[in-house]
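Here is what each chain is made of, one letter per residue.
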Amino acid sequence: MEKDFSIVVDGYKCIGCGRCVENCPKEVFGWFGPSKNPSTRRYRPENCIGCMTCVKNCPVSAIMVQKI
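Residues numbered from 1 in each chain as written. Predicted model: local features only at pLDDT ≥ 70, side-chain atom pairs only at ≥ 80, totals over all residues. Heavy atoms only, no water.

1. A short note on the overall build of the protein chain
In terms of helices and strands, the protein chain carries 2 helices and 4 strands. Sequence-ordered secondary structure for the protein chain, helices as α and strands as β, is β-α-β-β-α-β. The buried share among the 68 residues of the protein chain stands at 28%. Here the contacts in the protein chain between residues at least 6 apart in sequence split such that 58% fall between residues at least 24 apart. Entry remark: accessible area of the protein chain is about 4600 Å², with carbon and sulfur atoms responsible for 53%. (Helix = DSSP H or I, 4+ residues; strand = E, 2+ residues; numbered from the N terminus. Buried < 20%, exposed > 50% of the residue type's maximum accessible area, 1.4 Å probe, protein only. Contact = heavy atoms within 4.5 Å. Areas by Shrake-Rupley, 256 points an atom, 1.4 Å probe, with all protein chains shown as cover.)

Take a look at the structure:
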């Protein structure tokens, strides 16, 4: 089944706090290597179930789940 939403991360707003990584139940978010720098952030949008946990926990509103 194809998803009717897409996850969008604003790289300019992200501060690298890691709350998305800590709270996502599907491990959508993670880091490349040991650094928690926003430039080393990665995410797997295909794992997203649209639960909005990342959106609710992002202190700078850098994550959005948009309807396609």
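2. What about the state of the cysteines?
Going through the model one piece at a time under the given rule, you end up with 0 disulfides. Free of any disulfide, Cys14 has its nearest cysteine sulfur in Cys20, 6.3 Å distant. (Disulfide = S-S within 2.5 Å.)

3. Some words on the nonpolar core
The tendency in soluble globular proteins is for nonpolar side chains to be buried side by side. Ranked by size, the top nonpolar core spans 13 residues in total, and within it Ile7, Cys20, Val28, Phe29, Cys48, Cys54 and Ile63 carry the most contacts. Of all the elements, strand β1 (residues 5–9) adds the most residues to this core, at 3 residues. Setting aside residues up to four positions removed in sequence, Cys20 forms contacts with Phe29, Cys54 and Ile63. (Core = buried A, V, L, I, M, F, W, Y, C linked by side-chain atoms within 4.5 Å.)

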